[in-house]
Amino acid sequence: MGVLEEMLLRNGLIYRNPDGTSSYIEGSILSNSLVVRNSDGWVTHRVERAANGVDLVVRNMSTGCVEMRLSAAIL
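As the structure is a prediction and not an experimental result, all values here were calculated from the model. (Residues numbered from 1 in each chain as written. Predicted model: local features only at pLDDT ≥ 70, side-chain atom pairs only at ≥ 80, totals over all residues. Heavy atoms only, no water.)

**Q** Explain the pairing of strand β2 (residues 33–37) to me, please; I cannot follow it from the model alone.
**A** Put simply, side chains in a regular strand alternate between the two faces of the sheet. Across four bridges, the pairing between β2 and strand β3 (residues 43–49) is antiparallel. Across the sheet, R37 pairs through a bridge with V43, a residue of β3. Counting the residues between successive antiparallel strands, the hairpin from β2 to β3 contains five residues, one of them, G41, with a positive phi of roughly 95°. (Pairing = 2+ DSSP bridges. Helix = DSSP H or I, 4+ residues; strand = E, 2+ residues; numbered from the N terminus.)

**Q** Is there a simple way to explain the side chain of H45 in this structure?
**A** Looking at the element boundaries, H45 is found in strand β3. Owing to a relative accessible area of 8%, H45 belongs among the buried residues under this scheme. In this structure the side chain of H45 is engaged in a polar contact, spanning 3.0 Å, whose partner is the side chain of T44. At a separation of 3.1 Å, a polar atom in the side chain of H45 contacts the side chain of E67. (Buried < 20%, exposed > 50% of the residue type's maximum accessible area, 1.4 Å probe, protein only. Polar contact = N/O pair within 3.5 Å; in protein donor to acceptor, adjacent residues only side chain to side chain.)

**Q** It is not clear to me how the pattern of salt bridges should be interpreted in this structure. Could you clarify?
**A** Opposite charge on two side chains permits them to pair, given that their charged atoms come into close proximity. Evaluation of the coordinates by the stated rule reveals three salt bridges. Here E48 ties to R46 by a salt bridge, and the two come within 2.6 Å at their closest N and O atoms. Look at E48 and you get buried, because its relative accessible area is 16%. The salt bridge involving R59 is made with E48; its shortest N-O contact spans 2.8 Å. Remark: E48 occurs in strand β3 and R59 occurs in strand β4 (residues 56–60); sequence separation between them is 11 residues. Salt bridges linked by common partners bring R46, E48 and R59 together as one network. (Salt bridge = Lys/Arg side-chain N within 4 Å of Asp/Glu carboxyl O.)

**Q** Before we go on, may I ask you to explain the pairing of β4 in this structure?
**A** In terms of residue burial, β4 counts as a mostly covered element, since four of its five residues are buried. Sheet analysis places β3 next to β4, joined by five bridges and oriented antiparallel. What sits directly across from V47, in β4, is V58. Here β3 hands over to β4 after six residues, with G53 in that stretch at a positive phi of 80°. Relative to strand β5 (residues 66–70), β4 runs antiparallel, the two being bridged by four bridges.

Below, the structure written as structure tokens:
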């Protein structure tokens, strides 16, 4: 998960605060996807398969919109 975490950090979807708190990636068994939680534990984004079944997309949970597409070639 290092490459995925690095891409999300670089794009500002997960972050690390100076006080040690941070948002983080967590597996979600119910939706078969990864979720990004903020430092308070709220789910902010969901990482799931794209419509083509190969790539990944990062969906904003508050808007439902896809914010980023991650090509399988990069992962």
